Amino acid sequence: MAHQSELIAKDIHAYLKAQQEKSMLRFITCGSVDDGKSTLIGRLLWDSKLVFEDQLAALEADSKRVGTQGEEIDYALLLDGLQAEREQGITIDVAYRFFSTDKRKFIVADTPGHEQYTRNMVTGASTADVAVILIDARKGVLTQTKRHSYLVSLVGIRKVVVAINKMDLVGYDQNCFEQIAQDYQAIAGVLGFEEITYIPISALKGDNIISLTASNMSWYAGPALLDYLETVQIGDTRSVQPFRMRIQWVNRPNLDFRGFCGTIASGQCRPGDPVVVPSSGQQSRIARIVTMDGDLELACAGQSITLTLEDEIDVSRGDMLTDPNRCPGFANQFQAKIVWLNENALLPGRSYLLKAGSSVTPAQISSLKQRINVCTFQDESGKTLSMNEIGVCNLALDRAIAFDPYVENRHTGNFILIDRFTNATVGAGMIDFALRRASNIHWQVLEVDKIARAEMKNQKPFVLWFTGLSGSGKSTLANLVEQKLHSLGKHTYLLDGDNVRHGLNRDLGFTDADRVENVRRIAETAKLFVDAGLIVLTAFISPFRSERAMARDILEEAEFVEIFVDTPLEVCERRDPKGLYKKARAGELKNFTGIDSDYEVPERPEIVVNGANADADNLAEQIIQKVKKNLSLGN
């Protein structure tokens, strides 16, 4: 730090140039609650003389008010910035700090240790090069140690420091240190780390943080923590990987310029290099590499640039420009590991939005193959993922995307899942590989199509989707409407919720996950019947908006008519034709809609009927009058 101060005073331009040329290391600290993560980073900042005077004054005051070290400085307060963190003495959110030494610049992420904040830890680890895993010397390797080690491995970090902290509380015992190192090595064998460095430290006392403390641990001959961080070699493999650049924006300021803006995810490019768009297979060559500082002759991974091409080819936001000789995968189905981040469980079959870079496309979890127990590293069976759980899933997308396996390229192999209604990020994923059936299955062209079948029946095929609570009158109304359509000479088919569970959906129960799959199968079946030229009526509770939206998306917009049978719960419960409400109230029937499972009222149904006050035949006739314009071809 003294050298930096002298250089600033002598030649500020030389100082700034030196700062610009320093390498950057991103690292994460993780460990169990109270292992001393925040204290460690606070100590690094303190001993590196990177605490400003106003921060020092505030730290001294806060240490007396909410500190955990009596009259001494509580270094953790430099990181624990949230009110709740200071009150509880724990880390809740990810705290990022930048600091710099004479040799290197650093960005450190201090992540929470509690299991319920696993999603925060994954966020912090996703961009890190090195992980510092803290272990309390008094406690040794814990379940949380295993959890964090697995998550570090999952996001692709291959260099790990195991910092065995609080050595002062075990008398700086060498045997204690070596036993913990041996225990950790036993669990790390399956995690694929390239390098594990064990360092005994005391974050509170400053032992082996900035420099080695010979007086207390003369038996240790390895590096101090800061020395390791300053010298660890992090090979940026992105520069030698194939060229990949996702298009974030198509820049068209005038008729004479069309540029494709984005950040190079991997590889490098020069004017004249060939590129291909995987989604269309169209190729061209790079004409210019445009930046605010002028054109470049070479652009590398991490740079944000604008490319112009020699040919007019179709390139849109979300597309990827790649090396045509080393193309990425391109598929609409793949296997991935998913970390679930939302309080509402992952439900296979539900439609989410998958965002990979700037590309957004509807996607479904077609199957949850297994959950991963991150404490034992064992696979477990399951139908859903709860918050902070990790699973191996198959995904099906509405359209193919370009990607690389995550283990080959972290920047083109990751994605997030977004809830279609709340826009909340609900999951983070890492792609393993494309499913073989994604490239082996193709649509067969048929000469007799939906139009021909509809013309033969002289009707327009569509779906009447009846939704409402059990006992609302859906099945009764659907049956009456079908009779009236039949009397008009229309070709129909009625899919009833109870009837399909005798055959097509006999393997499904009534959990949220099974309800989602139940609706998905019905929607796909209804689509086939519409393709056959039929008018399809479905009578299902279909309690979730997401699945009704999915059914609508499976069909063409004009082919889906949502009919909400709006009957109050008390009326449905009074009718109770099958005695189901009585059983649910008695606790004999679990996951019953309206009692212990939610029904999400439609927001914009095409038709709403009041199932409580009117005669069923009159309601059916109202529905017929409202859909009559859809019955004939040409309307």
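Residues numbered from 1 in each chain as written. Predicted model: local features only at pLDDT ≥ 70, side-chain atom pairs only at ≥ 80, totals over all residues. Heavy atoms only, no water.

## Looking at the pattern of salt bridges
For step 1, the next point in the chain: Within this structure, the stated rule accounts for 25 salt bridges.
For step 2, the next point in the chain: Among the ionic pairs, R420 bridges to D553, the shortest N-O distance being 2.7 Å. One end of the pair, R420, is in the loop between β21 (414-418) and β22 (425-434); the other, D553, is in helix α15 (residues 545-554), with 133 residues separating them in the sequence.
For step 3, the next point in the chain: Given the relative accessible area of 40%, D553 is considered partly exposed.
For step 4, the next point in the chain: Linked by salt bridges that have partners in common, D507, E517, R520 and R521 make up one network. (Salt bridge = Lys/Arg side-chain N within 4 Å of Asp/Glu carboxyl O. Helix = DSSP H or I, 4+ residues; strand = E, 2+ residues; numbered from the N terminus. Buried < 20%, exposed > 50% of the residue type's maximum accessible area, 1.4 Å probe, protein only.)

## Considering the packing of helix α12 (residues 474-487) against helix α18 (residues 616-627)
For step 1, the next point in the chain: The interhelical angle for the contact between α12 and α18, taken along N-to-C directions, is 55°, at an axis separation of 9 Å. As far as their axial angle goes, α18 and α12 are oblique. For the crossing formed where α12 meets α18, the hand is right-handed. The segment α12 lies against α18, with T476, L477, L480, V481, K484 and L485 engaging A616, D617, L619, A620, E621, I623 and I624.
For step 2, the next point in the chain: Broken down by class, the residue content of the contact of α12 with α18 amounts to 9 nonpolar, 1 polar and 3 charged. (Axes fitted to C-alpha atoms, helices over the stretch in contact; angles between N-to-C directions. Parallel < 35°, antiparallel > 145°, perpendicular 65-115°, else oblique. Left-handed = near helix turned anticlockwise from the far one by under 90°. Contact = heavy atoms within 4.5 Å. Nonpolar A, V, L, I, M, F, W, Y, C, P; charged D, E, K, R; others polar.)

## Notes on the sheet that holds strand β24 (residues 492-496)
For step 1, the next point in the chain: An order of β24-β25-β23-β26-β27 is seen for the 5 strands of this open sheet, with the pairing classed as parallel. Strands with a single pairing partner mark the edges of an open sheet, and in this sheet they are β24 and β27 (607-610). Going across the sheet, the axis of each strand differs from the next one's by a mean of 20°, ignoring polarity.
For step 2, the next point in the chain: As judged from the 5 bridges shared by β24 and strand β25 (residues 535-539), these two strands associate in the parallel manner. The residue of β25 that forms the bridge with T492 is I535.
For step 3, the next point in the chain: The strands that α18 touches are β23 (463-467), β26 (560-566) and β27; relative to β27, the one it contacts most, it runs at about 165°. (Pairing = 2+ DSSP bridges.)

## Re the nonpolar core
For step 1, the next point in the chain: F27, V132, Y184 and L229 are the most contacted members of the largest nonpolar core, which has 67 residues in total.
For step 2, the next point in the chain: For this core, the leading source of residues is helix α8 (residues 174-188), giving 7 residues.
For step 3, the next point in the chain: Beyond its immediate stretch of four places on either side in the chain, L229 contacts L25, F27, L44, R104, F106 and V132.
For step 4, the next point in the chain: The next biggest cluster of nonpolar side chains, apart from the first, holds 26 residues, and it includes A336, W340, L385 and L395. (Core = buried A, V, L, I, M, F, W, Y, C linked by side-chain atoms within 4.5 Å.)

## Digging into the sheet that holds strand β4 (residues 130-136)
Strand pairing in a sheet takes place through backbone hydrogen bonds and is either antiparallel or parallel in direction.
For step 1, the next point in the chain: Pairing within the open sheet is mixed, and its 6 strands lie in the order β2-β3-β1-β4-β5-β6. Sheet topology places β2 (95-100) and β6 (195-200) at the edges, where each strand pairs with a single neighbour. Going across the sheet, the axis of each strand differs from the next one's by a mean of 20°, ignoring polarity.
For step 2, the next point in the chain: Looking at chain direction, β4 and strand β5 (residues 159-165) are connected through 7 bridges and run parallel. Each bridged residue has a counterpart across the sheet, and for L134 the counterpart in β5 is A163.
For step 3, the next point in the chain: Contacting β1 (24-31), β4 and β5, helix α7 (residues 143-154) runs over the sheet at an angle of about 175° to β4.

## Quick word on the packing of helix α6 (residues 118-125) against α7
For step 1, the next point in the chain: Two numbers describe how α6 lies on α7: the axes approach to 10 Å, and their chain directions differ by 40°. By the angle class used here, α6 and α7 are oblique. At the point where α6 passes α7, the crossing takes the right-handed sense. Across from T118, M121 and V122 in α6, the residues of α7 making contact are R147, H148, L151 and V152.

## Things to note about unusual backbone geometry
A negative phi angle is the norm for most residues apart from glycine, just as the trans form is the norm for most peptide bonds.
For step 1, the next point in the chain: Positive phi values are uncommon outside glycine, yet N208 reaches one of about 60°.
For step 2, the next point in the chain: Note on placement: N208 falls in the loop between β6 and α9 (225-231).

## Details of α7
For step 1, the next point in the chain: Between the first and last C-alpha of α7 there are 17 Å, a value that for 12 residues agrees with the 16 Å anticipated at 1.5 Å per step.
For step 2, the next point in the chain: Counting buried positions over the 12 residues of α7 gives 10, a clear majority of the element.
For step 3, the next point in the chain: Regarding α7, the residues found buried are Q144, T145, R147, H148, S149, Y150, L151, V152, S153 and L154.
For step 4, the next point in the chain: Phi turns positive one or two residues past the end of α7, at G156, with a value near 100°. (Expected span 1.5 Å × (residues − 1).)

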